[in-house]
Amino acid sequence: MTDEPLLRVSALSKFYGSRVGCDNVSFDLWPGEVLAVVGESGSGKTTLLNCLSTRLLPSSGTASYRMRDGQFRELYRMSEAERRFLMRTDWGFVHQNPADGLRMTVSAGANVGERLMAVGDRHYGKIRATAVDWLSRVEIEEDRIDDEPRAFSGGMRQRLQIARNLVTGPRLVFMDEPTGGLDVSVQARLLDLLRGLVTDLGLAAIVVTHDLAVARLLSQRMMVMKDGRVVESGLTDRVLDDPRAPYTQLLVSSILQV
Amino acid sequence: MPTPLVVSDVAKSFTMHLRDGIKLPVVAAVSFSIKAGECTVLGGPSGAGKSSILKMLYGNYAVDEGQIIVSHEGGLIDLANASPRTVLAVRRQTIGYVSQFLRTVPRVSALDVVAEPLVERGEEREVARGKARALLAQLNLPEKLWALPPATFSGGEQQRVNIARGFITEHPILLLDEPTASLDARNRDVVIELIAAKKSAGVALLGIFHDHDVRKAVADRVIDVTAFAPGKLAA
């Protein structure tokens, strides 16, 4: 295990005019760590995720990422082309709505293969074999490889989106409510799959969710956001079992027991 | 005898912000140490703060005041002020914990639940599974259950999975929160044997045991937690 973080975030803020998106957020993320960002709608968690993944530029603050050569690079000073390359190779982004992360009118196999071609793979047979392998890892039958995601159920589409993101062997994956909008039984299967993949591949991930059970299952660390600010952070089980901030106590006490 | 864990002047209270901020003091001035090769038992009635103390030592509860010094990979660490990343490393390498209840993960088999802490420490999965099988057999968990996720197991079966998971590694410190609460006599005896084996291996154990017979069989020392009642501080 390395002693250097993968991502260093310092005093990151994003304002929409006078409205606060996220305010003064700082943290380090190490390889293999899963950080959950929780809070209700409007708490700034998605704004934070979009800033970190450079889909949005922050108003102030810095974020530096340790590239594969070991050098830290300031994300917001990279060229657009460099950022795009990072996005295609070393990072993944799993959207809440699979349609935002997939190409709905090309086949499942092409959705996975496209990311491979983007990093320079050209051998058709190899690409197809890797695609088949990844589809099976996300529990999609091989005979669906030529189907378009339009013909898939919500849970399958989400699993396909995950395969598309992980096929290039990224080191950091951003996830925005990855189980939102799915049936509970489908959620459990997906969470379980994600948990296994994250552990096996040693991925670092930042998972935005409003669901504390998802945070408990997937993450080791947690940040609780309210009104754009981080009100509490720490080990996930510590935050959930001994919440200290008033807002975290409210969130934890609002969970329905089954 | 080495002393791998020293607790000094630890205090803990809960502030209930949803109840007008009332403060519930739990324990204060908690000071003790545990020794390698011994089983120290926390004694006292329910509500005295025994579980809270264990949870603080595992980093599961925050600490208001004081220090928890643990010897970890050749150095000393104050768990009361350690970063989450450090606490995770201490859990992986130094402090093991058998909780009262098993938190199950959907679709993971009992065998893998037990093997997981060893795999996290870098053991080969098949070797870890071999050890998990041996422990589950020793704890008399029927073999037909090993491949199933423990969510639907009975309380006693889940507890045995939990015990096996806690005992499979060679953590130098092991915390036990009522590991025998829902076990029958035969399996209680197995746990007593497992604890004896840990002691001879030089592990420092700290536990809560309501069962009088178990406590008598394993305890080298009993710490009366009522001595740490917050009221005593003012007196």
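Before reading further, recall that the structure is shown in the block above.
What counts and what doesn't
The numbering scheme is per chain: residues are counted from 1 as the chain's sequence reads. Here the convention is simple: chains get letters from A, ligands get numbers from 1, in the order in which they are written. Where totals are concerned, whole chains, interfaces and linings use all residues; where local detail is concerned, this predicted model gives features only for residues with pLDDT of at least 70, and gives and counts side-chain atom pairs only at 80 or more. Only hydrogens and water are set aside when side-chain values are computed; all heavy atoms of the structure are taken into account. Think of it this way: any DSSP run of H or I at least four residues long counts as a helix, any run of E at least two long counts as a strand, and we number them from the N terminus. Between buried and exposed lies partly exposed: a residue is buried under 20% and exposed over 50% of the maximum accessible area for its type, with that area taken using a 1.4 Å probe on protein chains only. Whether two residues are in contact is decided by their heavy atoms: any pair within 4.5 Å suffices. Where accessible areas are quoted, they stem from the Shrake-Rupley method and a 1.4 Å probe; at the residue level, only the protein chains shown are allowed to cover. Simply put, an axis is a line fit to the C-alpha atoms, just over the touching stretch for a helix, and the angle between two N-to-C directions goes from 0 to 180 degrees. Here the word oblique covers every angle except those under 35 degrees (roughly parallel), over 145 (roughly antiparallel) and from 65 to 115 (roughly perpendicular). Each residue gets one label: Ala, Val, Leu, Ile, Met, Phe, Trp, Tyr, Cys and Pro are nonpolar, Asp, Glu, Lys and Arg are charged, and the others, such as Gly, are polar. For each structure, a 1 Å grid was placed over the protein atoms alone; sets of points admitting a 1.4 Å probe that cannot get out are labelled cavities, open sets with protein on both sides within 12 Å along at least five of seven lines are labelled pockets, and lining residues have an atom within 4 Å of a point. Grid points are joined across faces, edges and corners, and a volume is the space filled by probe spheres set on the points. Think of it this way: a Phe, Tyr or Trp ring, Trp meaning its six-membered ring, pairs with another when their centres are within 6.5 Å, and the plane angle makes it stacked under 30 degrees, edge-to-face over 60, tilted otherwise. Should the NZ of a Lys or the CZ of an Arg lie within 6 Å of a ring centre and within 35 degrees of the ring normal, that charge is described as sitting over the ring. Salt bridges are defined as contacts in which a side-chain nitrogen from Lys or Arg sits within 4 Å of a carboxyl oxygen from Asp or Glu. By buried area we mean how much accessible surface two parts lose on assembly, using a 1.4 Å probe and totalling the loss over both. What qualifies as a polar contact is a pair of N or O atoms within 3.5 Å, subject to a donor-acceptor requirement within protein and to the restriction that residues adjacent in sequence count only when both atoms come from side chains.

Visitor: Outline the overall build of chain A, supporting the account with residue identities and numerical values.
Guide: Tallying secondary structure elements over chain A gives 10 helices and 10 strands in all. Dimensions of chain A, computed from C-alpha atoms along their principal axes, come out at roughly 55 × 50 × 40 Å. Burial status across chain A gives 54% buried among its 258 residues. Within chain A, counting contacts between residues at least 6 apart in sequence, those at least 24 apart form 66% of the total. When the accessible area of chain A is evaluated, it comes to approximately 11400 Å², of which 49% is carbon and sulfur surface.

Visitor: Can you explain the packing of helix α5 (residues 155–167) of chain B against helix α6 (residues 185–200) of chain B? Please cite residues and give values.
Guide: Relative placement of two packed helices is described by the angle separating their axes and the distance separating the axes. Residues and elements named next belong to chain B. Running from amino to carboxyl end, α5 crosses α6 at an angle of 10°, the nearest separation of the two axes being 12 Å. Here α5 is positioned roughly parallel relative to α6, judged by the angle of their axes. Packed against α5, whose contacting residues are R160, I163 and F167, the element α6 presents N187, V191, L194, I195 and K198 at the interface. The residue makeup of the contact of α5 with α6, split by class, is five nonpolar, one polar and two charged.

Visitor: Describe the layout of surface pockets, naming the residues involved and giving the relevant values.
Guide: Within this model, the second largest pocket holds a volume of roughly 590 Å³. Lining of the second largest pocket is provided by 26 residues; of these, D242 of chain A together with S13, F14, T15 and M16 of chain B occupy positions nearest its centre. Elements that contribute at least two residues to the lining of the second largest pocket include exactly α10 (246–253) of chain A together with β1 (5–16) and β2 (22–34) of chain B. Taken together, the residues of the lining of the second largest pocket sort by class into 13 nonpolar, four polar and nine charged.

Visitor: Quick rundown of the packing of aromatic side chains? Include the residues and the values.
Guide: Counted by the stated rule, this structure contains six aromatic pairs over all chains. For the pair Y65 of chain A and W91 of chain A, a centre-to-centre distance of 5.4 Å together with 90° between the ring planes defines the contact as edge-to-face. Taken as a pair, Y65 of chain A in strand β4 (residues 60–66) and W91 of chain A in strand β6 (residues 91–94) lie far apart in primary sequence, 26 residues in all. The burial state of Y65 of chain A is the same as that of W91 of chain A; both residues are buried. Residues F14 of chain B and Y61 of chain B carry aromatic rings whose centres are separated by 5.4 Å and whose planes lie at 90° to one another, so their mutual orientation is edge-to-face. Residue F14 of chain B is located in strand β1, and its partner Y61 of chain B is located in the loop between α1 (50–57) and β4 (65–72); the two are separated by 47 residues in the primary sequence. The exposure class of F14 of chain B is partly exposed, given its relative accessible area of 22%. Following the ring pairs from residue to residue traces out a cluster consisting of Y65, W91, F93 and F174 of chain A. Note that R8 of chain A overlies the ring of F72 of chain A, its terminal NZ or CZ placed 4.4 Å from the centroid. Lying over the aromatic face of F93 of chain A, R55 of chain A brings its terminal NZ or CZ to 4.4 Å of the ring centre.

Visitor: Let's hear about the pattern of salt bridges: which residues, and what values?
Guide: Tallied over the full model, the rule gives 32 salt bridges over all chains. The closest approach of N and O atoms between R216 of chain A and D241 of chain A, which form a salt bridge, is 2.9 Å. With R216 of chain A in helix α8 (residues 212–218) and D241 of chain A in helix α9 (residues 236–241), this pair connects stretches of sequence that are 25 residues apart. In this structure R216 of chain A comes out as partly exposed when scored by relative accessible area, which is 24%. When salt bridges with common partners are traced through the structure, they connect E139, R189 and D192 of chain A together with R107 of chain B into a single cluster.

Visitor: Give me the lowdown on the interface of chain B and chain A, citing residues and values where you can.
Guide: With 25 residues of chain B in contact, the opposing surface of chain A contributes 27 residues. Counting the surface lost from both chain B and chain A, the interface buries some 2100 Å², and carbon and sulfur atoms represent 50% of this. Remark: the boundary between chain B and chain A carries seven salt bridges. Across the pair D64 of chain B and R244 of chain A runs a salt bridge whose closest N-O atoms are separated by 2.8 Å. Joining chain B to chain A, the criterion identifies 12 residue pairs in polar contact (both at pLDDT 80 or more). At the level of secondary structure, the elements contributing two or more residues to the side of chain B that touches chain A comprise β1 and α2 (84–93) of chain B. Per-element accounting of the side of chain B that touches chain A gives the leading share, six residues, to α2 of chain B. A class-by-class count of the residues in the side of chain B that touches chain A yields 11 nonpolar, five polar and nine charged.

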